[in-house]
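Overview (structure and organization)
What follows is each chain in one-letter form.
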Amino acid sequence: MSEVGMKPLNWKPEPGIGYSVERREDGGMNYTFTDVSHQTLRHWRDFSLEHLYDSDRLTRNLYDLRQVQTIPQEAIQYAIELNSDPSARNIRLAVIVASDEVRQGIEKIQSLTIPGGVEVGIFEDLDSAEEWLSRPISLMA
């Protein structure tokens, strides 16, 4: 996708925010979380809602949660809210985890999300996540 056809990222680092976002070459986003504090989660929720607002094509996002130790209930609630948005049907989301506790948190989000929305894959390494993200839409699942 050319830079011209890409949606603006509209993300700026802020003091106290424990995540960063970069635009992917395929037009999606790479999120890297270093913490899941209330301030971080509120910022992420607001940023994500803004990007869902006019989502109109398949978006491949990657969440790197390897630096996160646990998934708090607040994160689970926000993720379910975002995954349940009708615009989330266009999202393929790869999540990289480093612990069983974080994996279980993501699995809980999956189990509580309405089917037919965001498609989520959980991985332990970047290469596997990227391989899954690059698969044709007909092979999702």
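Here's the deal with the overall build of the protein
- Helix and strand content of the protein: 4 helices and 5 strands.
- Shown N-terminal to C-terminal, the secondary structure of the protein runs as helices and strands in the order β-β-α-β-α-β-α-β-α.
- Taken across its 141 residues, the protein has 47% of its residues classed as buried.
- With the model as given, the accessible surface of the protein reaches about 7800 Å², and the carbon-plus-sulfur share is 51%.

Digging into the environment of Leu82
- Mapped onto the elements, Leu82 comes out in helix α2 (residues 73–83).
- A sequence separation of 35 residues divides Leu82 from Gly117, and the C-alpha atoms of the two residues are 9.7 Å apart.

Things to note about the nonpolar core
- Grouped together as the largest cluster of nonpolar side chains are 33 residues, with contacts concentrated most on Tyr19, Tyr31, Phe33, Trp44, Leu65, Ile71 and Ile106.
- Sort the elements by how many residues they give to this core and α2 lands first, with 6 residues.
- Apart from residues no more than four positions distant in its own chain, Tyr19 is found in contact with Trp11, Tyr31, Thr32, Phe33, Thr34, Thr40, His43, Trp44 and Phe47.
- One finds Leu62, Ile96, Phe123 and Leu133 within the second-largest nonpolar core, a separate group that totals 7 residues.

Things to note about the packing of aromatic side chains
- Following the criterion strictly, the structure yields 9 aromatic pairs and no others.
- With 6.3 Å between their ring centres and 20 degrees between their planes, Tyr19 and Tyr31 make a pair best called stacked. With Tyr19 in strand β1 (residues 19–23) and Tyr31 in strand β2 (residues 29–33), the pair connects residues that are 12 residues apart, well separated along the chain. Neither Tyr19 nor Tyr31 differs from the other in exposure class; each is buried.
- Where Tyr31 meets Phe47, the ring centres are 6.2 Å apart and the plane angle is 70 degrees; that geometry is what we call edge-to-face. Of the two residues, Tyr31 sits in strand β2 while Phe47 sits in helix α1 (residues 38–52), which places them 16 residues apart along the sequence.
- In this structure Tyr31 comes out as buried when scored by relative accessible area, which is 2%.
- Exposure remark for Phe47: the relative accessible area of 4% places this residue in the buried category.
- By way of ring pairs, the aromatic residues Tyr19, Tyr31, Phe33, Trp44, Phe47 and Tyr63 are connected into one cluster.
- Cation over ring: Arg45 sits above Tyr78, and NZ or CZ is 5.6 Å from the ring centre.

Brief notes about the pattern of salt bridges
- Under the definition given, this model contains 6 salt bridges.
- In this structure, Arg45 and Asp46 form a salt bridge, with 3.3 Å as the shortest nitrogen-oxygen distance.
- Residue Glu81 is joined to Arg45 by a salt bridge in which the shortest nitrogen-to-oxygen separation is 2.7 Å. Of this pair, Glu81 sits in helix α2 while Arg45 sits in helix α1; the two residues are 36 residues apart in sequence, bridging distant segments of the chain.
- The exposure class assigned to Glu81 is partly exposed, which follows from its relative accessible area of 34%.
- Under the relative-accessibility criterion, Arg45 is labelled buried at 16%.
- Each of Arg24, Asp26 and Glu130 takes part in one network of salt bridges that share partners.

Brief notes about the sheet that holds strand β3 (residues 59–64)
- In space, the 5 strands of this open sheet follow the order β1-β2-β3-β4-β5, with mixed pairing throughout. Edge strands, defined here as strands with exactly one partner in the open sheet, are β1 and β5 (119–123). Sheet twist, expressed as the average angle between the axes of neighbouring strands with direction ignored, equals 15 degrees.
- Taken together, the 3 bridges between β2 and β3 define a ladder with parallel strand orientation. Its bridge partner lying in β3, Thr32 is registered against Asp64.
- On top of the sheet, α1 reaches β1, β2, β3 and β4 (91–96); it is set at about 170 degrees to β2, its chief contact.
- Sheet strands touched by helix α4 (residues 126–133): β3, β4 and β5. Its angle to β4, the strand with the most contacts, is close to 170 degrees.

Cut-offs applied
Residues numbered from 1 in each chain as written. Predicted model: local features only at pLDDT ≥ 70, side-chain atom pairs only at ≥ 80, totals over all residues. Heavy atoms only, no water. Helix = DSSP H or I, 4+ residues; strand = E, 2+ residues; numbered from the N terminus. Buried < 20%, exposed > 50% of the residue type's maximum accessible area, 1.4 Å probe, protein only. Areas by Shrake-Rupley, 256 points an atom, 1.4 Å probe, with all protein chains shown as cover. Core = buried A, V, L, I, M, F, W, Y, C linked by side-chain atoms within 4.5 Å. Contact = heavy atoms within 4.5 Å. Phe/Tyr/Trp six-rings, centres within 6.5 Å; stacked < 30°, edge-to-face > 60°. Lys NZ or Arg CZ within 6 Å of the ring centre and 35° of its normal. Salt bridge = Lys/Arg side-chain N within 4 Å of Asp/Glu carboxyl O. Pairing = 2+ DSSP bridges. Axes fitted to C-alpha atoms, helices over the stretch in contact; angles between N-to-C directions.

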